[in-house]
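# Architecture and fold: a report
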Amino acid sequence: MSRIKLLLFVIIIINILNIIICDKIKSLDTLKDNIENDWKEFKEFREWKKWKDNTRNDKIIHKNFDNSFKHYKKHWNHKKLLTSDNDTILMARYVVNQANWSSIATISTRNDIKSYPFANVISISDGPLGDGSGIPYTYLTPLDFTSQDISKDYRATMMMTLAQGQWCKDKSMDPMDPRCARITLSGKVKKVLPGDGDYDVAKNAVFGRHPWLAKMPADHHFYFAKLKIGSIALLDAFGGPKYIDVKQYLAASNKIVSIDEINQVSRHAYQI
């Protein structure tokens, strides 16, 4: 009987030791995972800190926006890439004129994604359909993400595409199809205030396309704004984007051609 008791006692002790050892192993595994995660987070933080230090001159670029474009043009032979092709400029102006809205990318000021690129959608207009200026005007409120971002850093990029309407759909084109024309306008967003020479232009352009915006609450403090364009890239065919001279783009006739003429200009769009 005493041997049986002794055997049971040994079995109990062994089980207790197994439980203790298993718990210790699990604790060690958990500790190892925690250490690995902490190290990973530290490396990510170190990489972020390095990137942050390298971009500490953002304010200088912001203050010298126009000079920064000249700097880029100098170092990547921008002038050699610029096109003065009338059909290309015509298509660029057409895409902007047809757009009722645009995606806009800014540098975020939100605490959770500060300094990250941030995309939004805004209502725009460059004037009446068929008679636009090529300059996108919009109506913003300080309550919106975009307005908050540009109050700290006015650099922005707008993107418009013919996929917004029927042009690409009628030709069974996916929005990513290069022949479904899209344009990116990069520059700085500037307020258009009462008394400015183009204040009435901005007002008529925006409210002409988006009359409901004229009824926004006064306590939302909406204001007109425009993009001062510094760079233009158009993709409307296979072979990569075409870079357009801003002066030639703005100097083009305000009278936008008909859809039939655009189809003729873009006859490559029907070819695979």
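Residues numbered from 1 in each chain as written. Predicted model: local features only at pLDDT ≥ 70, side-chain atom pairs only at ≥ 80, totals over all residues. Heavy atoms only, no water.

Assigned secondary structure in the protein chain consists of 10 helices and 8 strands. When burial is assessed residue by residue, the protein chain has 35% of its 272 residues classed as buried. Counting contacts in the protein chain only where the partners sit at least 6 residues apart, residues at least 24 apart contribute 74% of the total. When the accessible area of the protein chain is evaluated, it comes to approximately 17,400 Å², of which 58% is carbon and sulfur surface. (Helix = DSSP H or I, 4+ residues; strand = E, 2+ residues; numbered from the N terminus. Buried < 20%, exposed > 50% of the residue type's maximum accessible area, 1.4 Å probe, protein only. Contact = heavy atoms within 4.5 Å. Areas by Shrake-Rupley, 256 points an atom, 1.4 Å probe, with all protein chains shown as cover.)

Let us now look at the pattern of salt bridges. The tally for this structure, following the rule as stated, stands at 6 salt bridges. With a closest N to O distance of 3.8 Å, Asp 126 and Arg 209 form a salt bridge. Separated by 83 residues along the polypeptide, Asp 126 in the loop between strand E3 (117-125) and strand E4 (137-140) and Arg 209 in helix H8 (residues 199-209) bring together distant segments of the chain. Across this residue pair, the class does not change: Asp 126 and Arg 209 are buried. (Salt bridge = Lys/Arg side-chain N within 4 Å of Asp/Glu carboxyl O.)

Tallying each qualifying case throughout the model produces 1 disulfide. Sulfur-sulfur distance for the disulfide between Cys 168 and Cys 180 comes to 2.0 Å. In this structure, the disulfide formed by Cys 168 and Cys 180 twists by about 100° around the S-S bond and is classed as right-handed. Of the two residues, Cys 168 sits in helix H7 (residues 167-170) while Cys 180 sits in the loop between H7 and strand E6 (182-192), which places them 12 residues apart along the sequence. Each member of the pair Cys 168 and Cys 180 is classed as buried. (Disulfide = S-S within 2.5 Å.)

Together, Leu 6, Phe 9, Ile 12, Ile 13, Ile 16, Leu 17, Ile 20 and Ile 21 give the surface a local cluster of nonpolar side chains, amounting to about 740 Å² of exposed area. Tracing the backbone through its elements, the reader meets Ile 21 in helix H1 (residues 2-54). (Patch = residues over 30% accessible without salt bridge, like charges linked within 9 Å, V, L, I, M, F, W, Y side chains within 5 Å.)

Along the chain, the position of Lys 188 falls in strand E6. When its relative accessible area of 17% is taken as the criterion, Lys 188 is described as buried. Through-space distance from the C-alpha of Lys 188 to that of Ile 150 is 8.4 Å; in sequence the pair is 38 residues apart.

Here we take up the pairing of E3. Strand direction decides the pairing type here: strand E2 (residues 101-107) and E3, joined by 7 bridges, are antiparallel. Bridge pairing links Ala 105 to Ala 119 in E3. In this sheet, E4 lies alongside E3 in antiparallel orientation, the contact comprising 2 bridges. Its bridge partner being in E4, Ser 125 is matched across the sheet by Tyr 137. (Pairing = 2+ DSSP bridges.)

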